[in-house]
Every structure is written in structure tokens, then in C-alpha cells.
Amino acid sequence: MTLHLPPILTYALRRLVQAVPVIVLIMIGTFLLLKLAPGDTVDALVGDMGGADAAYIARLRTEYGLDQPVWMQLWLYMVKLVQFDFGWSFVYEESVATILLERLGTTLMLMATSLSIAFTAGCFLGAIAARRAYSLTDNIISTIGLVFYATPSFFLSLMMILLFSVQLGWLPVGGIKTVAGFYTGWDHVLDVARHLIMPTAALSLIYLSFYLRLMRASVLEVADLDFVRTARAKGAGETRLMIHHIMRNALLPVITLLGMQFSTVLGGSVVVETIFSLPGLGQLAYQSVIQRDMNMLMGIIFLCAIIVVVVNFLTDLLYARLDSRIELA
Amino acid sequence: MTHITTELPKPEPHRAVLLWRRFARNRAALLGLGIFVVVLIMAATAGLIEPTDPLRRAGVPLTKPFVDWATPLGTDQLGRDILASLFYGARISLLVGVLATLLSIAIGVVIGAVSGYFGGWIDDVLMRTTEAFQTIPNFVLLLALVAILGSSIEYITVAIAIVSWTAPARMVRAEFMSLRGREFVDAARNLGVSNTAIIFREILPNALPPIVVYASVIMALSILLESALAFLGLGDPNHASWGNMIGQGRAVLRSDWYCAAIPGTAIILTVLSFSLLGEGLNDALNPRQKK
Amino acid sequence: MIQKKVALRASLGSVALCALSVMTTGAASAEDAPKHGGTAIIHMASEQRALNPALRASTGVYNITGKIMEPLIDKSYDGYEPVLATEWSTSDDGKHITVKLREGVKWHDGEPFTCADVSFSAMELWKKLLNYSSTLQQNLDSVDCTDDHTAVFNYSQPMPLSLFVAAMPDLGHPVAKHLYEGTDILKNPYNTAPVGTGPFKFVEYERGQYVIAERNPDYWRGKEYPYLDRIVWRFIPDKSAAAAALESGEVHESGFNGVSMSDIERLSKDERFDVGTMGYENNVAHSTVEFNHRNPILANLKVRQAMYHGLDIDYAIKTIMRGFAKPGRGPIPSAGGANYTDQVTTYDYDPELAKKMLDEAGYPVKDDGFRFHLRHRPAPWGEYTQLWGQYYAQAMREIGIDVEILTNDAPGFLNGVYRDHDFDTANGWHQFRSDPAVSTMVWLRSGAPAGTPWSNQFGWQSDEMDTMIDEAQAELDPEQRAADYHAIQAKAMDEIPVIFAIEHPFISVTSTKLKNHHNTPRWNSSSWYDLWLDE
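First, a word on scope: everything that follows refers to the structure included in this document. Within every chain, residues take consecutive numbers counted from 1 along the sequence as written. As a convention, the first chain written is A and the first ligand written is 1, with the rest following in written order. Given that this is a predicted model, residues contribute local features only at a pLDDT of at least 70 and side-chain atom pairs are listed and counted only at 80 or more, while totals for whole chains, interfaces and linings are drawn from all residues.

1. Things to note about the overall build of chain B
Selection criterion: Numbered from the N terminus, helices here are DSSP runs of H or I no shorter than four residues, and strands are runs of E no shorter than two. Neighbour density around each residue's C-beta defines its exposure: 20 or more other C-beta atoms within 10 Å make it buried, 12 or fewer make it exposed, and counts between make it partly exposed, where C-beta atoms are placed from the backbone. In this description, any two residues whose backbone-derived C-beta atoms lie within 7 Å of each other are considered to be in contact.
The helix and strand inventory of chain B stands at twelve helices and zero strands. Counting helices and strands in the order they occur from the N terminus, chain B gives α-α-α-α-α-α-α-α-α-α-α-α. When each of the 291 residues of chain B is scored for burial, the buried share is 54%. By sequence separation, contacts in chain B at least 24 residues apart represent 68% of the contacts at least 6 residues apart.

Following this line, the structure appears as C-alpha cells:
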């Protein structure tokens, strides 16, 4: 008896099967990479403590299984991972899964808002710039976008703190919520939102120009294509033309890149999270590298891989809905 | 639409002139070129500004700009001349930018070309590898590489290249996929031209324009990545780099803002110039506009 | 603001100044009656995820847990002060130390604190699991409880009472036996949710964000203590952001140089803050230059002396430490009390002399403009160590020594220097913990296995020095012990195995709203039962 899966499910399954070797590759690569780095998590811990004697250090290493050969450690890790056991973080004295869950919310919130703002504003401004290509408006929009892109994120973040927290006193310096504020309900939501304004702004301003440029180029390209010319020749209004024909098709390449952006933004958020003391995955990843917190870093990378796979899958679906040619096929 | 070709049989200008005209139509690109030339001049003349060592103690620490003419832009916390560091920093930034870009594009071109040309399992393996590299957040990978290799400027450059090759690889692959079926490739193959020759002589030149444009993006990114590393204290202190200057100037941001602001402006302008140049190159090289 | 002016740039360890500031602090609290209530918010630059001082000896851990868990003995400006112990004495042979414990003290869960807790903690944690303490207590055979409130520490070798007492504030925190016995101590959940006897009870630890502790209404010092309702420690890793948080009033205190030196100097001129080195007399550190004596050039004493002469220490103190420091005089800082002496050889800044000495040592300037090349590893401990490393490189180039700096993160640095010995010179700091026997002597004593951070991994060995260190540690007579340490200090300054270049205390920035702050020599680690907030 043959199973008749809906095409969407078949597609999902195929993507999943393709993703497995990538993830395995990533996990092994990351593990070996961090093992190449000088020092291990015991060195980092002892450094944090301000020192310890040799016997103590040796005992910790045995305790953490770091005295075994690297291949053995990798094997033990992978066996556990298959059972979705992320292991224990010796740096946090807590299971990796617990910490990841704690951090995931903040990161998803930060990224989802930053990316949607950057995407929406970038596409909008990019479309305007393209419609008036090479005009003063285009030059101003493009250059301002590029200036933000060219500003190192820590520079932008520090300037915002100086202006909005120290000078004006409007926004909190950092953190995810008011400490010991004990807000509930809507007050809590508003409180968190206030804390996220500056980091979100910093991240979205930087990535805005990315979408802006892409959209501008994309619109210019599509505007030149035959079907647009035909539509124009048929007497379609410019606004209608823009929305129904150009935007729809120009968005395609932009959306394809959205999925891949997640990792990039997560990397970019390392610095922003550090400055704004946000307990997110970016900062955690950085800390895990310098603490040689193997299990934690592996957990983060695994989570990233899963998120990228899911986001890519969703963008593919979106792509299919937007592209008239795929719909017809 | 000024670029629509007319039927008039004008003498065809030289290709370089044509490219320059298309480039120069974009005023912002000209501005970018201007800034880039200034940075080049700074890098070239650094030795004139400070013949010995930009890291030496040149004056009283934290002298403000325009106070002492021996150090016109002031000095940093260790009494180093900011002007000299700025000029030497231009060298380092260009060096990191250019080398990291060349290296990452070289890796990207090889992987993309092989993958796109041969297809099949080779393509599968290489593309899965590329995906793996794209899935790991690039800055986290960069931090891990710097943790392993150490923070010397050579290793930082290599590490930046290692995290930047995936996009060019995908672009090259896409071009190869669409070009490998064309007649001129089939023709070459029928004539018994070797795969290597077809890849590098026949297809690659056609696939290059978008890569050249993308190079400006990598240049810009590598300068930003270097400064982010310096911000986290992982820069190379043996060289005056703009990233290091900001990284250290940050500690005195509130009292002696110029220590971070001067190199900060230099970074913003340089990265901006690369991006503007990239736009100009895009206009000049984009095949669609040639029609 | 008399206290501020006094505390500012107070040379540490200066007994007169300490006494004066204790008086002013005391006077201030007598004038305005302390107020109850309020939340003090404290900045933490780094996060010590484990919150158990009996497992991890680290100032970062004490900063938080010191309010929740108490040691047997603490240190005040008047000497050692009973906390959970009330009196202590030793037998004639120095092998049995008897400690009387405070009665009527309860753990935060209501169980009584007894000798069983102390005995369990000493044998299972202090001796086996606590860094630094495991060396100190290696000869501890047993702890007998003659009654519920008397503990006898039995040693196989004599243990000087002064050393035992000096170690207790940092290495003498008992845990509750009933919460730890029979569990995997390293993974015990109370390690991140501490239960103690202190004036504040642990409430919540939100990783990466904050720790909250609230008033313990049953505190043994009496109903009026503590004054504060709540303490919150906020983790802010970025120094600029921390300075901004202080200025916007989101944080009341930042200790251990939690903001940059430039901001410290700037805020010291701001009326809203008390800035100073008070309260860190027990936590003084040395900025060092460490040599790898396996390199024959550096094994030459004359070269090391020349390099010392090439360092403009006063300039470095002025520019890098902004005046909050003083030149080092060997392994014991001036905060070391009786064990410190300044009667040692010193090396003034004299680049011409340095060049001449290097010429004489057989290292003239060669064609490339340098005498020789060194690979230097700076510790990544933030602003000042990095700047100090760069200053060192700058200064060495001036006398013709080319120094290449190899930057690493913490594990990379600790490995490169203390395990692989892959360096020519290094710089970092080492904290002095009130007694040389439990801190700086490991820099000179040979025999530490490779991989022990902050120990003598420099390839320098002196039998004479080893003997002197062992004798001083076991010496029971305080006066003789001090004399022994003076001799060690003098020898260390003559032979310069390590340059203890600069002695610097830590600096704190405190909102003037906080009262009774920095009134003990290890204030950030103390219990803060008398801290109050004037809002």
C-alpha cells in the first residue's frame, strides 16, 4: 500500500533528510574545532576562580570526563545527542537544555523583531529608492542606509546608550526587565519592550541596509522584465504595477536570503547582547567559546541548525506562495 | 531610460571607457571612489607621517587634538600619536580587507566552480559543507577560530576569509549551473578542452562580474569584523589598527571621546566607500544593463 | 564628604588613613540614624555561576554569597572578628585548633547551626573540593565535635593559628550538612541557590541577569539587622554600560574596577558618588612581568635588572592606573601588614642605565635595530592588564628589545604560560589574600606541576628560596614569621624571578545614597548587615 502524502509533507520530509548530514557535519566540526583551541573548560573555570592547585585541577578534569581521548568524548556526546540529551554545563552548573530554554525566548524575540523591522523598512525604502533610481531621494536613502551599515554595532549601541539613557534618561541601560520590579501582565510586557527598544534598533538599523540594497536592485531588475513592460503597455497604473507585479516578484530573492540571515544576525547580536547585558544566545555562544564550554556551544549550534532548517522551510513555503510561476507549475 | 541603445552607428568606445561611464553615472559611487583614494594615500604615506613606530610614546597621554602640533590629532592613553596610528591603521585595514577578500573569493570560486560544473555527488558534498558553514553563526565561528589560532593580524585575516567564502561560492555555483549547458561550453568540451581549462578560461570570466561586486561587500565586512574582535579585546596589539584604537578608546569614551571617534569615523567612511564602490561596480558590470 | 576625599587615592595599607576613615564612617552613622528598608543594586562585571563559597574560593562568589552565607571568622579594620566562631585557640604543639561556635544561630531553613555542619564542611568541602583550601588543609586529619558548639581541628603537622585565622574569612564558610550529606556535592542544587546563616536569604538567580536576596528576619545579630530589605546583583559585562547604569541611578555600587579607569576618574569628581580604594585592603593585586627563565637571555639576572630599569613604573601608575596604585616591592604588598617591608633593593627608571647594562650583558643593538626579540603573553583580564602589557612592550622597544604581543583568551593564556611554557615574558596579576602563605608564595616556590595557573611555572628554581618559604609557613611565632617574610621579599627583589611591578588595590564607585559602605577590609565580600540606604 502506498502512502499518499500531501506534496507539502513530502517536501518537508525531503528537506529534513537533506538537513541531517549538514547537522551531523556541523556538530562534529564544532566539537573538533573547539578541541583544537588551547585550554579546556577546567582552565577557564580555574581562571575564573582565581586559581587552584594541581590536584584540584586534575580532579575536576576527571570529573568532567576531559581526561578521555577526544574521539571517545565526541562519541559519548553524539550518543547522548541522539537521545536529545544536551548534557551538563560545568560552567553554569546546570543542564544545557535548561539554560538554552531560558535564553531562547530573549533571542527569538530580539531577532524576530529586529529582522522584521529591518525587512519591512528595508523593502519599503528599497522600493522607493528603486522607483526613483539615481535621483536625490535614492542617493539620500541609499547613503543613509549604508552609513548605518558601515557603523560598527558597538559604536552605534554605545552612542544610543549615551543619548537615550544617560543624557535623556528615557530608556534603561540594559537588561531584559526591570530588576526587582516584579511586574506582571501588561506591565511586564511593556517593561520588556522598553528594554528591547535600543538593542532592537541597533540590530535592525545595521541589517536594514542589507534588505534595502537587495530590494532596490531586485526592483530595478524586475522593472525591466518583459511582463512588467507588457503590463505597463496595457496601461496599468504605476502604483498597481508596483504592488501587483514588481514588488511581488522583487521580494522573491530577498525572502530566499531571510532564512540564512538568522545565523548572521545571531553572530551580530553577540556584541549587541554584551553591551545591553541581554541574556541571549549570542552572548552565551561567545561566553561558551571563551569558557570552552563544549556542551553549551554544541547545544547552541545544534539549536541554530534546527532554527535555520525551520526558517528555510518556511521561507520556501512563502516563496512558493509568492511566485506565480511556481504556483502555476 | 537613458540607456536604451540607439540605432546610430557611433564608433564603439573602449570597454574601459564604457565601464567608467556607467560607473560615473552613479554620483555616490564617485564619492566612494574619492574616499577610497584618500584611504589609499593615507596607507601609502604612513611612513612619512611617522618614520619609526606608530606605537611609540609620542607625547603626553591623552593630549587633546589641535593642542600640540607634534601630535595634531592628539594622543591616546599610552601617549601614542593618533594621526600616525590612523595612517598606519589605513594600511592594516586595507591589508586585512584586501587579503581576506582575495582569500575568501579564491576559496569560494574554487568550491563554487567545482560544485556547479561537475554537479552530482560532488555538488552535494560541497553544498552540504557550504550550508554547514552558513548555519554556524559566522561571528561565533570567527571567535572560535581566533581562540584557536590566536589574535595575530595574519590569523585574523585568514579567519575572516574562512567565515566569508560561502556567499561567493553559492554565486559562482549558480553562474556555473546556468552556464555549463551553454553552447560555447559544449563546443569547448567537444573540442577536447580539459575540465580545468573550461572552468577557468571559458566559464569563470563570465561568472566574475557579480563576484567583483560582492568583493566590495566582503571588504567592508572584514573591516567591521576586525573592529568587533578588537572591541572584545581580541585584536592584534602589535599593529595600529582602527579596531584596536576604538577598542581601547572606548574605555575613555566619556572623557576623551576623540580617541574612539576619530578611528570610528575612519571605519565608517572606509566601509561606506567600499559599499558605494560596490554599487558603482554593480552599475558598471551588471550585464542586464548592458542590453 | 570627608570620607570621599580621604578614600580617594588613599594609599592602601596606610594604617593611619585606615584608622581615620573608620572613624569618619563611624561618625557618620552615629549622626544620622540608619533607616530600614530599600533595595541596594550592585553591579557585577562577571558572572560566577556557582554560588557556593565552600566550593569556589573567588571574590566574585563572595561578593554575592557573603551576604547569604557567613564564614567562621571575618576581618575588620580592628583585626579578626568572630562571626560563626566566637573564640579560637591552639594547642602547644600547634596541631590542634579549638574553635568555639556561636549558639542560637539558625540556617535559613530553620535548622540549627552546629559543629556537625563545620566538621562536615571542613572534611568534605574545604579539604577535598575547595580551590586553594585543599592545599591549606592537606594535613587536616579530622574535626572532632566535643559538643554541639566546639570544633577541634586536628592536624598531622603544626598549623600556625595566625595562618588558620587569616584563611578563615575566605576559606572558612560552612554549608548546612543536612542539605549536602549523601548528595553529589558538585551537582547539589543548593550550589546555585545557597542556604546560609547570613543577614540575607537567597530569593532568585536569573542567569545572565541578576541575583536577588531579601532580608532575613531571624538574623542572629538581632531584629534591627539587616537594614536593607533586599539586595540585587546585576550582571553588566560592558564597562561603559555599567558606568551609564551608575549615572542613570540604576545601580548603586560597582566594585573591583567594574567601570573603566577613565570613568572612575570622571565619577570621582561627581558629587553623587564616593570613589575610592577603601574596603579592598584584603584584595590587593600585583601587576606583574613574568619571565620564562628557560630562555637563556632572560635567565641572565643582569638582563632582568636592565628590563626593570627600563620600566617607568611611576608613569604607568599615573597613566594606566590613574594614580590609584603604588610601585611594587616584591611578593608581599604594603597591605600585608607586619609581613611587609620596604627595606629591599629597588630599580629606578633609567633607560640609559638599562641600555648600558644590556650592552654589558652581551646584547648590543643589532642591524635590525634590536638587541633581541621576545614573545609576550598578556593576560586578558581587561583594560588595565592589556594596557600594562602594551606599555611594557612600548618601554622595552625604547631600550632596544623587540616585544611581540600574543593575544589569547583566558584558557589560551593560562595554557600558553602555565602549562606549555610557550612564552618569553607574560604579564597578569595575582591577588594577595591577606597571608603570603596562602597566596603570593606560589609564585616563587618551585615544584608546582605544569598546568597550575598562577604558580611558579617560570623555570626559576632556588632551593634556598624553597626552604625559606617552607620555614616561614610553618613558623608559629608571629614575629619570627614576619622576619622570615621580610627576608623572602628582599631575596625576591634581588633576584627578580618575577617583577612585582605595581601594587594596586581595587577601586569602587558607590552612590552616596548607600551608608556604612566600605567599612571593612574585605567589604565587598562581607555580610553588609549594617549597610543602609538613604533615599
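2. Thoughts on the overall build of chain C
Selection rule: What the globule rule says is 2.2 Å times the number of residues to the power 0.38, and the radius of gyration is computed from C-alpha atoms.
Across its full length, chain C carries 17 helices and 22 strands. Here chain C has a C-alpha radius of gyration of 24 Å; the compact-globule value for 535 residues is 24 Å, and the two agree. For chain C, the spread of C-alpha atoms along the three principal axes comes to 75 × 55 × 40 Å. Within chain C, the proportion of its 535 residues that are buried is 59%. Across chain C, contacts joining residues at least 24 apart in sequence account for 71% of those joining residues at least 6 apart.

3. So, the pairing of strand β4 (residues 85-90) of chain C
Residues and elements named next belong to chain C. Basically, it comes down to this: Between any two strands, pairing holds if DSSP finds at least two bridges.
Relative to strand β5 (residues 96-101), β4 is paired through five bridges, and the arrangement is antiparallel. Paired with A85 across the two strands is L101, which belongs to β5. Linkage of β4 to β5, two consecutive antiparallel strands, is achieved through a turn of five residues, within which G94 is found at a positive phi near 75°.

4. Description of the environment of I223(B)
Residues and elements named next belong to chain B. Residue placement: I223 occurs in helix α9 (residues 195-231). Sequence separation between I223 and V185 is 38 residues; the distance between their C-alpha atoms is 38 Å. Residues in contact with I223, not counting those within four places in the same chain, are S93, V96, G97, I267, T270 and V271.

5. Remarks on the interface of chain B and chain C
Heads up, the condition is: Under this grouping Gly is polar, as are all residues other than the nonpolar Ala, Val, Leu, Ile, Met, Phe, Trp, Tyr, Cys and Pro and the charged Asp, Glu, Lys and Arg.
Every contact between the two is made by 22 residues of chain B and, on the other side, 24 residues of chain C. Taken together, the residues of the side of chain B that touches chain C sort by class into nine nonpolar, six polar and seven charged.

6. Quick notes on the environment of V109(B)
Within the secondary structure, V109(B) sits in helix α3 (residues 82-118). C-alpha separation for the pair V109(B) and P237(B), spaced 128 residues apart in sequence, amounts to 32 Å.

7. Some remarks on the interface of chain C and chain A
Taken together, the contact pairs 49 residues of chain C with 43 residues of chain A. With six residues, helix α15 (residues 410-418) of chain C is the single largest residue contributor to the side of chain C that touches chain A. Here the side of chain C that touches chain A is composed, by residue class, of 21 nonpolar, 19 polar and nine charged.

8. Considerations on the nonpolar core
How we decide: Each nonpolar core consists of buried Ala, Val, Leu, Ile, Met, Phe, Trp, Tyr and Cys residues. Their C-beta atoms, within 7 Å, join them into a set.
Counting 342 residues, the largest nonpolar core has Y211(A), V140(B) and L142(B) as its most contacted members. Looking at this core element by element, the count peaks at 19 residues for α9(B).

9. Observations concerning the sheet that holds strand β9 (residues 210-215) of chain C
All names here are of chain C. The condition that has to hold: Think of each axis as a best-fit line through the C-alpha atoms, taken over the contacting stretch in the case of a helix, with angles from 0 to 180 degrees between the N-to-C directions.
Pairing within the open sheet is mixed, and its seven strands lie in the order β8-β9-β10-β1-β11-β20-β12. Both edges of this open sheet fall to β8 (200-206) and β12 (273-276), since each of them pairs with a single strand only. Where strand β11 (residues 253-254) meets strand β20 (residues 508-511), two bridges bridge the pair, whose relative direction is antiparallel. Within β20, the residue paired with E253 across the bridge is T510. Here helix α9 (residues 261-268) sits on the sheet in contact with β12 and β20, set at roughly 125° to β12.

10. What about the pairing of strand β15 (residues 372-378) of chain C?
Residue and element names in this part refer to chain C. To keep it simple, the criterion reads: Orient the strands so they point away from the viewer; a crossover is then right-handed if the path from the first strand over the helix to the second runs clockwise.
Sheet topology places β15 next to strand β16 (residues 401-405); five bridges connect them, and they run parallel. Bridge assignment links R375 to a residue of β16, and that residue is E404. Tracing the backbone out of β15, into helix α14 (residues 383-398) and back to the parallel element β16 gives a crossover that is right-handed. Relative to strand β17 (residues 425-427), β15 runs parallel, the two being bridged by three bridges. Looking at β17, one finds that H376 is bridged to T425.

11. Some points on helix α7 (residues 166-179) of chain B
All names here are of chain B. Selection criterion: The span expected for a helix works out to 1.5 Å for each residue beyond the first.
In this model, α7 (14 residues) spans 20 Å end to end at C-alpha, consistent with the 20 Å of a helix rising 1.5 Å per residue. The element α7 is largely enclosed, with a buried count of ten among its 14 residues. All of the buried residues along α7 are T166, A167, P168, A169, R170, M171, V172, R173, E175 and F176. Looking at the packing, one finds that the buried side of α7 touches α3, α4 (120-135) and α9.

12. Considerations on the sheet that holds strand β6 (residues 140-147) of chain C
Residues and elements named next belong to chain C. The strand order β4-β5-β7-β6 describes an open sheet built from four strands, whose pairing is antiparallel. Whereas interior strands pair on both sides, the edge strands pair on one side only; in this sheet they are β4 and β6. Each strand axis lies, on average, 20° off the axis of its neighbour in the sheet, ignoring direction. With six bridges connecting them, β6 and strand β7 (residues 150-155) associate as antiparallel partners. Of the residues in β7, the one forming a bridge with D147 is T150. On the sheet, helix α4 (residues 115-126) packs against β5, β6 and β7 and is oriented at approximately 175° with respect to β6.

Taken by themselves, the reported measurements are silent on function.
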